[in-house]
Amino acid sequence: EPRCLVGLVSRFDEVFPARVVERGAWVWPLRRAAAEPALRYRHGNETGGIDDYLARNRATGLLVVAGDTILVERYQYDRTAAHRMQSYSMAKTVVAMLVGIAVADGRIRSVDDLAEAYVPELRDTPYGQTRLRHLLTMSSGVRFSETYSGFDDVALLGRLSLLGESAGGAATLMPFRTRERPSGERFHYASADTQVLGLVLRGATGRTLADYLSEKIWQPMGAEANASWIVD
């Protein structure tokens, strides 16, 4: 229910199984502007400032940073800087960053490799026979509906992974076995494509995404607090 959503997005790691993404000993110090700048925005026929934006949008937090200086930091619905915020599909970009790092580390030979080279459980399936390049650009060509109706494929993926209605891992992808078009032909937003990349990273590095993220990004960037990675 809407009245429960704010608490949920700040406590996903208490509601669902999660691993800790450890922070490091060093924290990157961020400065704070002496005064909040008078920022303005225009969207279609709508114009306004920060207060107008927050009044019109159900945002739990808004942060504007330039370089190492915080210009704006606001929270709504009784949230504070100490609360974690669920990243939702920003995690897809984090996964893509980790794939690039794994290539640089030599853990992944090439983004032109097939997913099944790192996830044997996907061998001879459409996702297994998709190049990492096309998973990164969400052009796998595998049929996957993501309309957020509650009855679409992303809802099924959520039940099989987040809600534990499968053995996890490759089992979460088994219902999605129809290739509609050649991979690389057309962009089509599909969370399952990123699920495959997560399994590729596990297979290529032999580590959890939480551990790999901690070492390669979270600690080097000087994150202030631990993060959490929800697992299936």
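Okay, so let's go over this structure.

Definitions and cut-offs
- Residues numbered from 1 in each chain as written.
- Predicted model: local features only at pLDDT ≥ 70, side-chain atom pairs only at ≥ 80, totals over all residues.
- Heavy atoms only, no water.
- Axes fitted to C-alpha atoms, helices over the stretch in contact; angles between N-to-C directions.
- Helix = DSSP H or I, 4+ residues; strand = E, 2+ residues; numbered from the N terminus.
- Parallel < 35°, antiparallel > 145°, perpendicular 65-115°, else oblique.
- Contact = heavy atoms within 4.5 Å.
- 1 Å grid on protein atoms, 1.4 Å probe; cavity = no way out; pocket = protein on both sides within 12 Å on 5 of 7 lines; lining within 4 Å.
- Points joined across faces, edges and corners; volume = space filled by probe spheres on them.
- Nonpolar A, V, L, I, M, F, W, Y, C, P; charged D, E, K, R; others polar.
- Pairing = 2+ DSSP bridges.
- Phe/Tyr/Trp six-rings, centres within 6.5 Å; stacked < 30°, edge-to-face > 60°.
- Buried < 20%, exposed > 50% of the residue type's maximum accessible area, 1.4 Å probe, protein only.

Two elements in contact, helix α4 (residues 90-104) and helix α8 (residues 209-218), have axes whose closest approach is 11 Å; the angle formed by their N-to-C orientations is 70°. Considered as vectors, α4 and α8 are oriented roughly perpendicular to each other. Two secondary-structure elements touch here, α4 through Val94, Val95, Met97, Leu98, Ile101 and Ala102 and α8 through Leu209, Tyr212, Leu213, Lys216 and Ile217.

On to the layout of surface pockets, then. If you add up the space inside the second largest pocket, you get close to 180 Å³. In terms of lining, the second largest pocket is formed by Pro2, Leu5, Val6, Val9, Arg58, Thr60, Tyr77 and Tyr88. Its residues assigned to classes, the lining of the second largest pocket comprises six nonpolar, one polar and one charged.

Moving on: the pairing of strand β4 (residues 46-49). One ladder, built from four bridges, connects strand β3 (residues 40-43) with β4; its direction is antiparallel. Bridging from a neighbouring strand, Tyr41 pairs with Gly48 of β4. Between β3 and β4, which pair antiparallel one after the other, the connecting turn spans two residues, and Gly44 there sits at a positive phi close to 65°.

Taken in spatial order, the three strands line up as β2-β6-β5 in an open sheet, and their pairing is mixed. The outermost strands of the open sheet, each flanked by one partner alone, are β2 (31-32) and β5 (61-66). Bridge count for β5 against strand β6 (residues 69-75) is six bridges, and the pairing is antiparallel. Looking at the pairing, Val65 lines up with Ile70 of β6.

Another aspect to go through is the packing of aromatic side chains. Applying the stated criterion across every chain yields a total of four aromatic pairs. Arranged with centres 5.4 Å apart and planes meeting at 55°, the rings of Phe12 and Phe16 form a pair that is tilted. Phe16 shares its class with Phe12; the two are buried. Ring geometry for Phe12 and Tyr88: centres 6.2 Å apart, planes at 75°, overall edge-to-face. Here the residue Phe12 occupies a position in helix α2 (residues 12-15), and Tyr88 occupies one in the loop between β6 and α4, the gap between them amounting to 76 residues. A residue is classified by how much of its surface remains accessible, and Phe12, at 11% relative accessible area, is buried. Every member of this aromatic cluster is reached through a ring pair, and the members are Phe12, Phe16 and Tyr88.

Before going further, it helps to examine empty space enclosed by the protein. Per the stated rule, a full pass over the model turns up one cavity of 30 Å³ or more. Taken as a whole, the largest cavity spans an internal volume of roughly 50 Å³. Lining the largest cavity, in full, are Met138, Ser139, Ser140, Gly141, Val142, Arg181, Arg186, His188, Ala190 and Asp193. In terms of residue class, the lining of the largest cavity is made up of three nonpolar, four polar and three charged.

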